[in-house]
Amino acid sequence: MNTQVFVAFFLCIGISAPVHAQKHTHEPSTHSNAMMSPGGVSHTRDASGTAWEPDSTPIHAYHYTLGDWMVMTHFNAFLAYDKQWGPRGNDQLNSINWLMIMASRPLGAGALMFRGMFSLEPATTTAEGYPLLFQSGEVFEGRPLVDRQHPHDLFMELAARYRYPLAEKAALSLYLAPSGEPALGPPVFMHRASAADIPAAPLTHHWLDSTHISFGVATLGVVYDRLQLEGSIFNGHEPDEHRWNFDPIDLDSYAGRLTCNPTPNWSLQASFGYLHSPEQLHPEEDAHRTTMSVIHNGPQANGGNWATTAAWGVNRESGVNSSGVLLESLVNIADRHVIFGRVEYVEKSGEDLATEPEDESYGITELTLGASREVAHGKPCSIAIGASVTYNFKPSSLDSLYGDSPVGLWIFLRVRPDVVRRDNDHVL
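All values reported here derive from a predicted model rather than from experimental measurement.

Cut-offs applied
- Residues numbered from 1 in each chain as written.
- Predicted model: local features only at pLDDT ≥ 70, side-chain atom pairs only at ≥ 80, totals over all residues.
- Heavy atoms only, no water.
- Patch = residues over 30% accessible without salt bridge, like charges linked within 9 Å, V, L, I, M, F, W, Y side chains within 5 Å.
- Areas by Shrake-Rupley, 256 points an atom, 1.4 Å probe, with all protein chains shown as cover.
- Salt bridge = Lys/Arg side-chain N within 4 Å of Asp/Glu carboxyl O.
- Helix = DSSP H or I, 4+ residues; strand = E, 2+ residues; numbered from the N terminus.
- Buried < 20%, exposed > 50% of the residue type's maximum accessible area, 1.4 Å probe, protein only.
- pLDDT = per-residue confidence, 0-100.
- Contact = heavy atoms within 4.5 Å.
- Pairing = 2+ DSSP bridges.
- Phe/Tyr/Trp six-rings, centres within 6.5 Å; stacked < 30°, edge-to-face > 60°.
- Polar contact = N/O pair within 3.5 Å; in protein donor to acceptor, adjacent residues only side chain to side chain.

## Details of a nonpolar patch on the surface
Together, Tyr164, Leu166, Leu172, Leu174, Leu176, Leu220 and Val222 give the surface a local cluster of nonpolar side chains, amounting to about 610 Å² of exposed area. Within the residue set of the nonpolar patch, elements represented by two or more residues are strand S9 (155–167), strand S10 (170–179) and strand S11 (217–224). Ranked by residue count, the leading element in the nonpolar patch is S10, at 3 residues. On the secondary structure map, Leu176 appears in strand S10. Assessed through its relative accessible area of 43%, Leu176 is described here as partly exposed.

Now the structure itself:
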């Protein structure tokens, strides 16, 4: 157990909470500028990168104003014990964490937004990441990471976006990021309300949303009412193992995405991307990725919320297709009790799992069930304790590597801002 885990965990919390977060008391005209952007896009719709989520999705954040700027601070931090059983299992005391700061203001006829997202996971989960059975992707010290989830980079996102109105319900947007997220896949798992109390990354991460940290992104998008059509050029290489710096910026890949929010409670997307040389150990191989997802958010009469995400992704590399399917759901009962679950099916190769033959395909199913209870509510933070159990189902041919019934356990303390209360879209 490393004391860095505790230090970095509480540092993350400390730098996130503003000392004097101002409560919104705007007049209607100012309020409209604060809550809506050109094209009538609500700030509650904007998720990670340029991805959308349902408009009704609750926001756990601090809002305050600095002159003409509206500033929003999000964070989510887990202090957790992670235990993975079996011959390939391990355990770790760690902190999964991220901090986002967003500032926006009117500029000319449009709106300018700057956003930074940061993580201390290179220190709080070690440079090799945290134990997670059947997980694969990225490299450490010249070898592939297997049965571990890599830590996220310190600079998860540094981006600017300008959205310019074309008509009452239409707008043009330009998103530029030395580190950011292209228009490929659903909102990344850390930003999905359906995964807000699940500390572990999904096994389908590298089939759905692994490009959320790309060192070099430019995205042009058009919004019309409830539709958004986007195209990106971006860096298709996976981040390297040096998590505290910037990787070389390269625009060698492309992606396109169509998103529709037909009602305030639904968001649907379909996307396709070409990734040039994503894998460090196989620089000669390119990848094509296709994803589709449906997100539903349902505010509950008792003050709670029910969020669900269903997603599918397929990677095509060297002429071989592999698929991943995810369904995750989280029910928040009156902001106090949370029940959550995630079920996934993913096709992993022998190479992914560091076993022979490398071209063999293995179907892996993972089921996670868990719950949390809020023990502190309101300002300055919402604090909950919780636990989850993960059951892994695999072919019997992998018994010698993983045992008969590999299981994972997480016990955690979760800290984040309280939910922003809204009454007819007014922040309270």
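Further notes follow.
## Observations concerning the confidence of the model for the protein
With 89% of its residues at a pLDDT of 70 or more, the protein shows a mean pLDDT of 89. pLDDT under 50 marks residues 3–34. Its contacts with residues more than four places away, or in other chains, come to 57 contacts. With pLDDT under 50 throughout, residues 422–428 is counted as low confidence; its partners more than four residues away or in other chains account for 19 contacts.

## Overview of the pairing of strand S7 (residues 130–140)
Taken across its 11 residues, S7 has 11 buried, putting it largely inside the fold. Linking S7 to strand S8 (residues 143–149), which pair antiparallel, is a turn of 2 residues; within it Glu141 sits at a positive phi near 50°.

## Concerning the packing of aromatic side chains
Considering all chains together, one arrives at 10 aromatic pairs under this definition. Between Tyr62 and Phe75, the aromatic rings sit 6.3 Å apart at their centres with planes inclined by 35°, giving tilted as the arrangement. Note that Tyr62 is positioned in strand S3 (residues 62–66) and Phe75 in strand S4 (residues 69–84), a separation of 13 residues in sequence. The burial state of Tyr62 is the same as that of Phe75; both residues are buried. Aromatic pair Phe118 and Phe155: ring centres 6.2 Å apart, planes at 70°, arrangement edge-to-face. You can see Phe118 sitting in strand S6 (residues 110–118) and its partner Phe155 sitting in strand S9, a full 37 residues away along the chain. Judged by its relative accessible area of 24%, Phe118 is partly exposed.

## So, the side chain of Gln135
If you trace the backbone, Gln135 turns up in strand S7. Within the local environment of Gln135, its side chain forms a polar contact with the side chain of Gln149, the two groups lying 2.8 Å apart. Looking at Gln135, its side chain comes within polar contact range of the main-chain oxygen of Pro202, at 3.1 Å. Apart from residues no more than four positions distant in its own chain, Gln135 is found in contact with Leu145, Val146, Asp147, Arg148, Gln149, Ala201, Pro202, Leu203 and Lys348.

## Overview of the pairing of S6
In terms of residue burial, S6 counts as a mostly covered element, since 7 of its 9 residues are buried. Pairing of strand S5 (residues 90–107) with S6, which is carried by 9 bridges, proceeds in the antiparallel orientation. Pairing of Met100 across the sheet is with Met117, part of S6. As judged from the 8 bridges shared by S6 and S9, these two strands associate in the antiparallel manner. If you follow Arg115 over to S9, its bridge partner there is Ala159.

## Concerning the side chain of Thr368
By the element assignment, Thr368 lies in strand S19 (residues 361–376). At a separation of 2.8 Å, a polar atom in the side chain of Thr368 contacts the side chain of Thr390. Not counting the four nearest positions on each side in its chain, Thr368 is found in contact with Phe340, Gly341, Arg342, Ser388, Val389 and Thr390.

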